[in-house]
Amino acid sequence: MDKIKQFFSDHDILILTLVASAFSIGSFLYYYHAGLITAYGDSRGHLDIARRVVDSLTPGVAQLGGYWLPLLHILMLPTIWNNFMWQSGLSGSIPSMVAFVLTVVFMYKLVFYIAKDKFSAVIAASVIMLNANLLYMQVVPMTESLFVCTITIFMYFFYKWFQEKNISDLILAAFFLILSSLNRYEGWGLVIASSVLLVLYWAQNKFSKKIEGVIIMFSTLSFLGIFMWLLWGAVIFHDPLEFMHNALSAGNQTSIVDANWTGVNNIGKATMVNVYAIIHTSGGLLLGLCVLGFIIFFIRKKKHFLKSENLILLLLIVPMLFDILTVYTGKVPIEVPELSKISFPGNYFNIRYALYSLPFIAIFSSIISKKRIVQVVIFSFILINYSLLGFCKNSNIVVLTGAGISLKDGREQAYEGAVDWFKHNYDGGLVLASTGSNDGLMLETGIDQKFFITEGTYKYWDESLKDPSEYATWVIFSNNNPRDAVNKNVNKKTLFENFEIVEKYNNLLIMKKIGTN
Amino acid sequence: MNKKIKEKRIDSAIIMEDNRLIRPSFLEKKKKVKVSKKTTNFIDNSQVGMVGNGIYHKGVKYITHSDLHHKHSAIKTFHAHQKVIILVLLILVIGGGIANLQETLIVIIAGLSVLYFSDIFFNLFLIIRSFQKSEEVQIRQAEIKKLDDANLPVYTIFCPLYKEWQVIPQFTRAISKLDWPKDKLDVQLLLEENDPETIKEARRMDLPSYFRILIVPHGHPKTKPKACNYGLCHAKGEYAVIFDAEDIPDLDQLKKAYLVFKKQKNEKIICAQAKLNFYNARQNILTRLFSAEYALWFDLILTGMQSIKSPIPLGGTSNHFRTKDLRMLNGWDPFNVTEDCDLGIRITKMGYHTTIFNSNTMEEATSKVGNWMRQRSRWIKGYMQTYLVHMRHPHEFLTDFKNPHIITFQLVVGGKVLSMFINPLMWLITILYFSMRATIGPLIKPLFPDVILYIAVFSLVFGNFLYVYYYMIGCAKREQWDLIKYVFLVPVYWLMMSVAAWKALWQLIFKPHYWEKTVHGFHLGKEKNI
């Protein structure tokens, strides 16, 4: 028995890696067979962006675009050239799945480092590993799993630096912050907050030269991602704030869709939306454990709670604070059934963002006590919590419900027939279509991206909007969709003079150049 | 008018009252000696050891006090086949330019970009290695305490001095504080025969008994390595080390170095290099940046290089040897103006290793731009000489296929110098492209096909950032936290390096063996900065 114990103790990281990998792969196989890997509209957009770097009328890194941060797309580049990897979504699933495994491992390491107790670390790792919503998000080509991963690893090294003061930990913490900030805009909040925390630490250490150097060193690296993205915007789009001004940016899109999002200009509601979102994605019982853990942590550290060494763990709540702010300002909405008053795009919209609080929840729910009996009770609560959340029932996975809702909206219904029709009737020539509203169609038809004239194809796009017949043989657009840049900007007169409607699905028009049949 | 000048004798030389130094041999009529026109080594059988030995070259007799074969010396800057290669390359570039200027420029830019790109990752790799696997030998105080002074051997300290007598008192104090039995110290002040003022001042000082003054006979080349070779011929110690006159080594450095050799099971380690930094780092911005550079070099790059057993260019001082090993290596090349770098490479090529150990020597960072420029251009010229010397027979690097020294040598010595020439060129192209996009942009853009553009842009943005950041890490590792903020000025420092590189290139062609003397002692009187 002792030998078995010793074996598990010596090989804990390896065993955890294998278990997390099994969960990750199992989840992937399940959702792959269910055909849900690219259920999210955004996932198709991510795949197409990466694909256009290597397969476009004007290929190159500029195709990475200016509104979605580029980390996921860059990580897809080694495999996206392959048609199967692109169309199946596997190209994006792989980085997400690797990120999931790393999150589990580093959460284990982090909590073990904090609590010096392996069972606490196992509890924390389980909170991550058993979350059905994260298990779904880690198989889709989206940014959630990567973000949870990068902030967890950041926290591990940052916390370790505070304890041991090794430069390499500080550099690695800053490096993972770069990755966070190149993945989600919530990461930008974390970059700023961690620098502010260091400034506080500097003040608490009588403005020592050493901490001054640390702040410069840390901030120089951690702000690099933000700086690079602004520079990218300035160089490629001549606007460092392109990500805000782009027609496809979240802020612009929400203003197009509906101005009555929940929580706009109401900080209380904006906060509650996020709290409900956490309850839906992680479970109320788990949130309760987290709150209890936080209170116990506060009581334990009472006298020194405001010391930077203790405040550091609170940094993990910054992404949620960032989301409260974006809900409040109406930039990025989150909708929950308890508070939502609007029907489109529906309840649970963007609810997946609440998963960014999972590392915070995992830490505080696992460090409540080191007494084994209490830990067993906590672990049982976590299992009950996740069972109630229903990780094995599709219909109860709210992030999937969010994706399902998007499948049912007008655009998706149009795609169901349009994809099949276009696959069988496309006979060559360039296609004028907007990426903002037709990413799914571009992906699912399997036609090489180099045959599409889209927003990132420079003169082809600009001139085709003036006169579609200049380059295009086909034009596809939704004639009632304000997000569709072709519908919005094309010269309709020349379009209808030179093209005829060959197929129509709801409001999606497929037009072909007259005389090319 | 035949005013009689008072004179007094010092060793074999005569110092006149007006400080001219005359050696009796100078007064003798020059005897006609048959000197070989061919480049060849010679031995002076009338002297003991390597004293008086040297090289005949172009009909001139050069006394180097070393048996280093002329093939391993920088006495010839370019060998015939190197001249041919350079000529062929020039013809290819000019011919290519005439045939198709754009394509030729694309090839050149591609080559430079790839090299720059490789250098970035090589340095990153070294820095990661230096964190992961620090091979710096650690000697603990407990081990030092166990040493019995009675069993310690004699240690020779070489201190070459030239027209810098002002720093002798500081050096004497530093050496007298060293933790080593004084009766087992053999400190040699290596003075040049044509430097009567230093000789006079040194004689006048009340030097400790374990100091001795050795006067290096006048003759060309007049370089530090030649003086050190002369000292090596007269060394009494079992171990030997070089310190510059302005150096302040850690008090226990000799014992640590001794233990490094004692502890090493690997007989292949024949040189122990202490780390260098500056005691006047905070004197001005230049010394701050210089100090940051040293921190990066000694605390990160060299330890990283050691971990991959790459050739290590030694620092100019504080390299410790067993004297017998140093003699086996034939000492230093007096024609190479960075004889330390050359010796480091030679050590690796001969199948031996250098190790870094946990001791520091504090030096004086030159605090004046002109002085810095002289020193730096000499260093860069020396790196070029070293590169040319060791690339005469590149196959000599290929003895150990597990450790491809030929590649690391290209990056460490060749790439380091080349990047100083590339840097301003790339910056200029970038500035021109963005500032005159409408007019010059269309001319520049075709020179960067997609892949090259990505490599070049990556190198420009991330490369420059990473290099700046490496300096910060260096400062942090050395705990020089207050210097970190000055690292943002490093690009200016690089620009100065590029200027020095061009000066070095000019000197390499026209004055290859000229030793630009770095003046020391500017920190004296500014102790508050130290």
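Every value quoted in this text rests on a predicted model; they were computed, and no experiment measured them.

(A) Highlighting the domain arrangement of chain A. Residues and elements named next belong to chain A. When the domains of chain A are assigned, the result is domain 1 (2-405) and domain 2 (409-513). At the junction of the two partners, domain 1 supplies 22 residues and domain 2 supplies 25 residues. Interface area, domain 1 with domain 2, both sides summed: about 2100 Å², of which 55% is carbon and sulfur. Its largest share of buried area at the contact with domain 2, domain 1 owes to R44, R52 and L57, together 29% of the area lost on that side. Across the contact surface, domain 1 and domain 2 share 3 salt bridges. Note that E444 is salt-bridged to R44, the shortest N-O span being 3.8 Å. Remark: the boundary between domain 1 and domain 2 carries 7 residue pairs in polar contact (both at pLDDT 80 or more). Only helix 3 (41-54), helix 5 (83-88) and helix 15 (250-257) provide two or more residues apiece to the side of domain 1 that touches domain 2.

(B) The pairing of strand 9 (residues 211-216) of chain B, seen in detail. Residues and elements named next belong to chain B. For strand 9, a buried count of 5 out of 6 residues is recorded, marking the element as mostly surrounded by other parts of the structure. Inspection of the sheet shows strand 8 (residues 185-192) paired to strand 9 by 6 bridges, in the parallel sense. Bridged to Q188 within strand 9 is R212. You can see the chain leave strand 8, run along helix 6 (residues 196-204) and come back into strand 9, and the turn it takes is right-handed.

(C) Seen up close, the pairing of strand 3 (residues 472-478) of chain A. Residue and element names in this part refer to chain A. Buried residues dominate strand 3, accounting for 7 of its 7 residues. Taken together, the 3 bridges between strand 1 (residues 430-432) and strand 3 define a ladder with parallel strand orientation. Opposite L430, over in strand 3, you have A472 as the bridge partner. Examined bridge by bridge, strand 3 and strand 5 (residues 508-513) share 5 bridges and lie antiparallel to one another. Residue pairing for strand 5: W474 is matched across the bridge by K512.

(D) Fine view of the packing of helix 16 (residues 267-282) of chain A against helix 19 (residues 318-328) of chain A. Residue and element names in this part refer to chain A. Relative to each other, helix 16 and helix 19 sit at 130°, their axes nearing to 8 Å. Relative to helix 19, helix 16 is oriented oblique. Where helix 16 crosses over helix 19, the two elements pack in a sense that is right-handed. Contact with helix 16, carried on its side by I267, A270, T271, N274 and I278, involves M320, D323, I324, V327 and Y328 of helix 19 and no other residues of that element. Of the residues assigned to the contact of helix 16 with helix 19, the class counts are 7 nonpolar, 2 polar and 1 charged.

(E) Spotlight on the side chain of Q449 of chain A. Structurally, the position occupied by Q449 of chain A is in the loop between helix 24 (435-445) and strand 2 (452-453). Beyond its immediate sequence surroundings of up to four residues, Q449 of chain A is in contact with D48, R51, R52, D55, S56, L57, W86 and M442 of chain A.

(F) Highlighting a nonpolar patch on the surface. All names here are of chain A. Where nonpolar side chains cluster on the molecular surface, the patch consists of L285, I373, V377, F381, I384 and L388 and spans about 570 Å² of accessible area. The element that contributes the greatest number of residues to the nonpolar patch is helix 21 (residues 372-389), accounting for 5 residues. Relative to the helices and strands, F381 resides in helix 21. The exposure class of F381 is partly exposed, given its relative accessible area of 35%.

(G) Looking closely at unusual backbone geometry. For the bond from H220 of chain B to P221 of chain B, the omega torsion is 0°, close enough to zero to count as cis. Look at K206 of chain A: it is not a glycine, yet its phi comes out positive at around 55°. Looking at the element boundaries, K206 of chain A is found in the loop between helix 11 (186-204) and helix 12 (209-222). By relative accessible area, which is 77% here, K206 of chain A ends up exposed. Phi at N330 of chain B is positive, roughly 65°, even though this residue is not glycine. The topology assignment puts N330 of chain B in the loop between helix 10 (323-328) and helix 11 (339-349).

(H) Structural context of the pattern of salt bridges. Per the stated rule, a full pass over the model turns up 32 salt bridges over all chains. A salt bridge links R282 of chain B to D482 of chain B; the nearest nitrogen and oxygen atoms lie 2.5 Å apart. Here the residue R282 of chain B occupies a position in the loop between strand 12 (269-278) and helix 9 (285-307), and D482 of chain B occupies one in the loop between helix 15 (450-477) and helix 16 (490-510), the gap between them amounting to 200 residues. The structure contains a network of salt bridges with shared partners spanning D42, E144, R184, E186 and R352 of chain A.

(I) Highlighting helix 20 (residues 358-366) of chain A. Most of helix 20 of chain A sits out of view: 9 of its 9 residues are buried. Among the residues of helix 20 of chain A, L358, P359, F360, I361, A362, I363, F364, S365 and S366 of chain A are the ones counted as buried.

(J) Local environment of the interface of chain B and chain A. Contact residues are listed per partner, giving 19 residues for chain B and 20 residues for chain A. For the pairing of chain B and chain A, the buried interface totals around 1700 Å² over both sides, and the portion due to carbon and sulfur atoms is 80%. Of all residues in chain B, F465, Y469 and W481 of chain B bury the most surface against chain A, accounting for 35% of the area lost on that side. Our count for the chain B to chain A interface comes out at 1 salt bridge. K485 of chain B is the partner of E212 of chain A in a salt bridge, and the nearest nitrogen-oxygen pair spans 2.7 Å. In this structure, the connection of chain B to chain A is made through 3 residue pairs in polar contact (both at pLDDT 80 or more). No other element matches helix 15 of chain B, which puts 10 residues into the side of chain B that touches chain A. Taken together, the residues of the side of chain B that touches chain A break down into 13 nonpolar, no polar and 6 charged.

(K) Local environment of the environment of L251 of chain B. Residues and elements named next belong to chain B. Relative to the helices and strands, L251 is located in the loop between strand 11 (248-249) and helix 8 (253-263). Given a relative accessible area of 48%, L251 falls into the partly exposed group. Along the chain, L251 and A174 lie 77 residues apart, while their C-alpha atoms are 8.0 Å from each other. Discounting residues that sit within four places of it in the chain, L251 has contacts with K177, L178 and D179.

(L) Molecular detail of the domain arrangement of chain B. Residues and elements named next belong to chain B. Entries for chain B in the domain assignment read domain 1 (94-133 + 397-529) and domain 2 (141-372). Once you take the C-alpha centre of each, domain 1 and domain 2 turn out to be 29 Å apart. Contacts between the two partners involve 48 residues from domain 1, matched on the other side by 56 residues from domain 2. Between domain 1 and domain 2, roughly 4600 Å² of surface is buried when both sides are summed, and carbon and sulfur atoms account for 67% of that area. The tally of links from domain 1 across to domain 2 stands at 2 salt bridges. Scanning the region where domain 1 abuts domain 2 turns up 10 residue pairs in polar contact (both at pLDDT 80 or more). With 8 residues, helix 3 (residues 101-132) is the largest single contributor of residues to the side of domain 1 that touches domain 2.

(M) Examining the packing of helix 9 (residues 144-164) of chain A against helix 10 (residues 167-181) of chain A more closely. Residues and elements named next belong to chain A. Contact pair helix 9 / helix 10: the axes reach a minimum separation of 8 Å and the direction vectors enclose 160°. Put simply, helix 9 runs roughly antiparallel to helix 10. Relative to helix 10, helix 9 is oriented so that their crossing is left-handed. Of the residues in helix 10, those touching helix 9 at F147, T150, I151, I153, F154, F157, F158, K160, W161 and E164 are D169, L170, L172, A173, F176, L177, L179 and S180. Here the contact of helix 9 with helix 10 is composed, by residue class, of 13 nonpolar, 2 polar and 3 charged.

(N) Representation of the side chain of D484 of chain A in the model. Residue and element names in this part refer to chain A. Relative to the assigned elements, D484 resides in the loop between strand 3 and helix 26 (485-489). An unpaired buried charge is present at D484: no salt bridge exists, and K492, the closest side chain of opposite charge, is 8.5 Å distant. At 3.0 Å, the side chain of D484 and the backbone nitrogen of S478 are in polar contact. A polar atom in the side chain of D484 sits 2.9 Å from the backbone nitrogen of V486. The residues touching D484, leaving out its near neighbours within four places in the chain, are S434, S437, N438, F477 and S478.

About the thresholds
- Residues numbered from 1 in each chain as written.
- Chains lettered and ligands numbered in written order.
- Predicted model: local features only at pLDDT ≥ 70, side-chain atom pairs only at ≥ 80, totals over all residues.
- Heavy atoms only, no water.
- Domains from an automatic or database assignment.
- Contact = heavy atoms within 4.5 Å.
- Buried area = accessible area lost by both parts, 1.4 Å probe.
- Salt bridge = Lys/Arg side-chain N within 4 Å of Asp/Glu carboxyl O.
- Polar contact = N/O pair within 3.5 Å; in protein donor to acceptor, adjacent residues only side chain to side chain.
- Helix = DSSP H or I, 4+ residues; strand = E, 2+ residues; numbered from the N terminus.
- Buried < 20%, exposed > 50% of the residue type's maximum accessible area, 1.4 Å probe, protein only.
- Pairing = 2+ DSSP bridges.
- Right-handed = clockwise from strand over helix to strand, strands pointing away.
- Axes fitted to C-alpha atoms, helices over the stretch in contact; angles between N-to-C directions.
- Parallel < 35°, antiparallel > 145°, perpendicular 65-115°, else oblique.
- Left-handed = near helix turned anticlockwise from the far one by under 90°.
- Nonpolar A, V, L, I, M, F, W, Y, C, P; charged D, E, K, R; others polar.
- Patch = residues over 30% accessible without salt bridge, like charges linked within 9 Å, V, L, I, M, F, W, Y side chains within 5 Å.
- Areas by Shrake-Rupley, 256 points an atom, 1.4 Å probe, with all protein chains shown as cover.
- Lys, Arg positive; Asp, Glu negative; His and termini not counted.

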